[in-house]
Amino acid sequence: MTTLNSRIPEGPIKDKWTLYKDKINLVNPANKRNIDIIVIGTGLAGGSAAATLAELGYSVKAFAYQDSPRRAHSIAAQGGINASKNYMGDGDSNYRLFYDTVKGGDYRSREANVYRLAEVSGNIIDQCVAQGVPFARDYGGLLDNRSFGGVLVSRTFYAKGQTGQQLLLGAYSAMNRQIARGKIEMFNRHEMLDVVKINGKARGIIARNLITGEIERHSAHAVVIATGGYGNVYFLSTNAMGSNATAAWKIHKKGAFFANPCFTQIHPTCIPRSGDYQSKLTLMSESLRNDGRIWVPAKLEDAKAIQQKKLKPIQIAEENRDYFLERRYPAFGNLVPRDVASRAAKERCDAGFGVNATGEAVYLDFATAIKRYGTEQAKIHNINNPSTEKITQLGEAVIEEKYGNLFQMYEKIIDENPYKTPMMIYPATHYTMGGVWVDYNLMTTVPGLYCIGEANFSDHGANRLGASALMQGLADGYFVLPYTIGDYLADDIRTGKIKTDAPEFDEAEKSVKSQLEFFINNKGTHTVDYYHKRLGQVMWDKVGMARNEKGLKEAITEIQEIREDFWKNVKVPGSLNEFNQELEKAGRVADFLELGELFAKDALEREESCGGHFREEHITDDGEAKRDDVNFAYVAAWEYTGKPSEAILHKEELEFKDIELKTRSYK
């Protein structure tokens, strides 16, 4: 049986990473040329890892299911990237970033990993500026920062509302340089369908060419998974429809433990659902909460009138508005963490105060910010006694400069001008803090198999603070994995090329082909989306923002029934040897139907409320999450044994030596 060994170095937390790097095994440049590494996924984590590993001299094979790494879902991250550079002189430091991240994760993350993340965060900004990433700058030309939820400083670097896209272009340009040099072999439109283990070590993958349908074998001395999260288990989420958990789930079934699957983030700032026909939800950046104020009508009759379109929000007087985040959390106000803001919005909507036709929306209002910025600009331009119209004009120009593309996107989708009418927002599934269990080296429980970025569990605990996803992805890819993977590969310098004619490759390929053939040959009656939507409905209703024992037990039973029906009655048109997106989806939904059950099982096992995991049986007198540090201060790492219902729980006990374990409060 595999045992957990987090491999956390000894010594003071501020020195762990430095001392560890001083003693880690290295591979010399001449030997790196003879070592192959496979990287699955080319978003921020995978792209930065592939570029850096190739720059170091390794031979890299990079795989993306998109037609180009530029289309990785990292481009959808809008608001910014955290780093503790203290450019604003407001008291930020590595320790404060470390503290905010551990506290924001409700004390369910590994201290050593989080401190390392904070420590290397500043290097990321320097790296990206050198690549030409167009970060916003202040009046004097220095890099600008803005605030995000869960912190009392401004540490978020940003490029308007396109930060993820700009950072990805930086990583992509670094990749392209190595592709041109022949150090990265790029496989676009390829999907990993299994990992191959030889003598217990990850030695390659089985992949499908999504254009031709051809099944391919690829070998390497190590395999890196960087395929993002599993939010699409809910069907409706802010993720692109192609985002999936197949690579992570396949390695779980081959021995990689899966950690904390119930830790999933519901983002408070999304455009509300408008109908059953939707396949995804649109995220509005959390950065909008810097200047936007969240409210609902204070009077129930006003809310009902708005729902019936008898009243407009601008007609409701200031004294009749409930700025509920400012009321409940005065210290942080609209910048409370995402889990707190999401539950507060749900509570108001459940009480009948929602503001759209379905009653599932709250307002995000910029009128106050427009007036404040407009008044300031009038003074700067020596405009005496400016009219209300002039103040509004000047203020809107500032808002447009900061968030223009986000406002434009909202108007195109909703057909309302958010400068004049408050935005409507509602929580939606966004990010997954759970994922593949990894040690300090970012290696899974399978030797030679690594997992980085959102696909692993390591840094965010039970809730991720805004602008920390980009930070973790680039930290892992640029500054952590390139060191730690060498410690393992130092033993492989005499191994030579890994051959793909080994029986382990035969067996893995046979298994992959068998499943694909089943889908094509099964004469069912329901589409893949039919099952995905059914699964998503169960997940949202019973494993969503609020969970309880009864609902979780029902969810497990219902997911098992959906999965059984799926394998009997799914229908996949087309053939094997062609571009077949329904066939792609079938394999991914099959994995979601297993992951969803483990998700619910993990949520049932964790008898506490923490971060994004909210059990209705475990709340404080004022309705906040109630942790149980005596019994649940651990990472739940699940071992696959054949069925999700029979998964074995392994516990990594969390130690808090540098941060006091206390109730998380933003009041």
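The residue numbers shown here count from 1 along each chain, following its written sequence. Selection of residues for local features in this predicted model requires a pLDDT of at least 70, selection of side-chain atom pairs for listing and counting requires 80 or more, and totals for whole chains, interfaces and linings are taken over all residues. In computing side-chain values, all of the structure's heavy atoms are included and hydrogens and water are not.

Visitor: Explain the packing of helix α5 (residues 111–131) against helix α13 (residues 469–489) here, please?
Guide: Any two packed helices are characterised by how steeply their axes cross, that is the angle between the axes, and by the distance between the axes. The convention used is that axes are lines fitted to C-alpha atoms, helices contributing only their stretch in contact, and that angles between N-to-C directions extend from 0 to 180 degrees. Secondary structure elements are taken from DSSP: a helix is a run of H or I of four residues or more, a strand is a run of E of two residues or more, and numbering for both begins at the N terminus. It is at 9 Å that the axes of α5 and α13 come closest, and there the two elements cross at 100°. In terms of axis orientation, α5 runs roughly perpendicular to α13. Note on element contacts: α13 touches α5 through M471, Q472, L474, A475, Y478, F479, V480 and T484, opposite R116, L117, V120, S121, N123, I124, Q127, C128 and Q131. Residues are sorted three ways: Asp, Glu, Lys and Arg are charged, Ala, Val, Leu, Ile, Met, Phe, Trp, Tyr, Cys and Pro are nonpolar, and all the rest, Gly among them, are polar. Across the contact of α5 with α13, the residue classes break down as 10 nonpolar, 6 polar and 1 charged. Roughly parallel means an angle under 35 degrees; roughly antiparallel, over 145; roughly perpendicular, 65 to 115; everything else is oblique. Contacts are residue-level and defined by heavy atoms, with any inter-residue pair within 4.5 Å sufficient.

Visitor: Teacher, can you tell me more about the sheet that holds strand β18 (residues 634–639) here?
Guide: In sheet architecture, strand pairing relies on hydrogen bonds along the backbone and comes in two forms, parallel and antiparallel. What the 4 strands build is an open sheet, ordered β16-β10-β18-β19; its pairing is antiparallel. Two strands bound the open sheet, and with one partner strand each, they are β16 (435–436) and β19 (648–653). Only strands that DSSP links by at least two bridges are regarded as paired with each other. For strand β10 (residues 258–259) and β16, the ladder comprises 2 bridges, and the chain directions are antiparallel. Counted as the bridge partner of A259 is G435 from β16. Helix-sheet contacts for helix α17 (residues 581–605) involve β10, β18 and β19, and the interaxial angle to β18 is about 145°.

Visitor: What is the right way to look at the pairing of strand β12 (residues 293–297) in this model?
Guide: The side chains of a regular strand alternate, residue by residue, between the two faces of the sheet. Counting buried positions over the 5 residues of β12 gives 5, a clear majority of the element. Note that β12 and strand β14 (residues 362–365) share 3 bridges and pair antiparallel. Its bridge partner being in β14, R293 is matched across the sheet by D365. Sheet analysis places β12 next to strand β13 (residues 321–322), joined by 2 bridges and oriented antiparallel. The partner of P297 across the bridge, within β13, is R321. Accessible area is worked out with a 1.4 Å probe on protein chains only. A residue is then buried under 20% of its type maximum, exposed over 50%, and partly exposed in between.

Visitor: Explanation requested: the sheet that holds strand β5 (residues 184–187) in the structure shown.
Guide: Pairing in this open sheet of 5 strands is parallel, and the strands run β5-β2-β1-β9-β17 from one edge to the other. Bordering the open sheet on either side are β5 and β17 (449–451), each of which pairs with just one other strand. Strand-to-strand twist across the sheet, computed as the mean angle between neighbouring axes with direction ignored, equals 20°. Examined bridge by bridge, strand β1 (residues 36–40) and strand β2 (residues 59–63) share 5 bridges and lie parallel to one another. Looking at β2, one finds that V39 is bridged to A62.

Visitor: It is not clear to me how the side chain of D492 should be interpreted in this structure. Could you clarify?
Guide: Tracing the backbone through its elements, the reader meets D492 in the loop between α13 and α14 (503–521). With relative accessibility at 3%, the residue D492 sits in the buried group. Whenever two N or O atoms come within 3.5 Å, that pair is a polar contact, provided that in protein one can donate a hydrogen and the other can accept it, and provided that, for residues adjacent in sequence, both atoms are side-chain atoms. Only 3.1 Å separates the side chain of D492 from the side chain of R203, close enough to count as a polar contact. Not counting residues up to four positions away in its chain, the partners in contact with D492 are I35, R203 and H221.

Visitor: Looking at this model, I keep getting lost on the packing of helix α15 (residues 528–542) against helix α16 (residues 549–569). Mind explaining?
Guide: Two elements in contact, α15 and α16, have axes whose closest approach is 10 Å; the angle formed by their N-to-C orientations is 175°. Taken together, α15 and α16 sit at an angle that is classed as roughly antiparallel. Counted together, Y530, Y531, R534, L535, V538, M539 and K542 of α15 and G551, L552, E554, A555, E558, I559, I562, D565, F566 and N569 of α16 form the full contact between these two elements. The residue inventory of the contact of α15 with α16, partitioned by class, reads 10 nonpolar, 2 polar and 5 charged.

Visitor: Explain the state of the cysteines to me, please; I cannot follow it from the model alone.
Guide: Two cysteines form a disulfide when their sulfur atoms are joined by a covalent bond. The rule for a disulfide is simple: a pair of cysteine sulfur atoms within 2.5 Å. In the structure shown here, the tally under the stated rule is 0 disulfides. C262 takes part in no disulfide bond, and the closest cysteine sulfur, belonging to C610, lies 6.7 Å away. Look at C262 and you get buried, because its relative accessible area is 0%.

Visitor: Help me understand α16 in this model?
Guide: Residues that lie three or four places apart on an α-helix share one face, since the helix turns once every 3.6 residues. The span you would expect from a helix comes to 1.5 Å times its residue count less one. Given a rise of 1.5 Å per residue, 21 residues ought to cover 30 Å, and the 30 Å separating the end C-alpha atoms of α16 matches this to within 8%. Within the sequence span of α16, burial applies to G551, L552, A555, I556, I559, I562, R563, D565 and F566. For α16, the elements touching its buried residues are α14, α15 and α17. Here α16 starts with a cap whose side-chain oxygen sits 3.3 Å from the backbone nitrogen of K550, and that cap is N548.

Visitor: Help me out: how do you make sense of the pattern of salt bridges in this one?
Guide: As a working rule, side chains carrying opposite charge can pair if their charged atoms are close by. For this analysis, a salt bridge means a side-chain nitrogen from Lys or Arg found within 4 Å of a carboxyl oxygen belonging to Asp or Glu. By the definition in use, this model includes 55 salt bridges. Here E608 makes a salt bridge to R108, at a shortest N to O gap of 2.9 Å. With E608 in the loop between α17 and α18 (629–632) and R108 in the loop between α4 (94–104) and α5, this residue pair connects regions lying 500 residues apart in the sequence. Considered together, E608 and R108 belong to a single accessibility category, that of buried residues. As a salt-bridge pair, D629 and R108 come within 2.9 Å of each other at their nearest N and O atoms. Placement of D629 in helix α18 and of R108 in the loop between α4 and α5 is noted, with a sequence separation of 521 residues between them. Of the residues examined, D629 reaches a relative accessible area of 27% and is grouped as partly exposed.

Visitor: I'm lost on the pairing of strand β6 (residues 190–198) in this one. Help?
Guide: Most of β6 sits out of view: 8 of its 9 residues are buried. Sheet topology places β6 next to strand β7 (residues 201–209); 8 bridges connect them, and they run antiparallel. Bridge pairing in β7 links K197 to A202. What sits between the antiparallel neighbours β6 and β7 is a turn of 2 residues, in which N199 has the positive phi angle 55°.

Visitor: I keep staring at the packing of aromatic side chains and nothing clicks. Help me out?
Guide: For Phe, Tyr and Trp, rings pair up if their centres lie within 6.5 Å, where Trp contributes its six-membered ring, and each pair is then called stacked (planes under 30 degrees apart), edge-to-face (over 60) or tilted (otherwise). Counted under the stated rule, the structure contains 33 aromatic pairs. The interplanar angle of 90° and the centroid separation of 5.4 Å between the aromatic rings of Y531 and F566 together place this pair among those described as edge-to-face. Of this pair, Y531 sits in helix α15 while F566 sits in helix α16, and the two are 35 residues apart along the sequence. Grouped by ring-pair contacts, the aromatic residues Y230, Y234, W249, F258, W540 and F599 constitute a single cluster. Counting as a charge over the ring demands two things of the Lys NZ or Arg CZ atom: a distance within 6 Å of the ring centre and an angle within 35 degrees of the ring normal. For R146, the ring lying beneath its charged end belongs to Y158, and the centroid distance is 3.8 Å. Over the ring of Y634 we find R606; its NZ or CZ atom is 5.0 Å from the centre of that ring.

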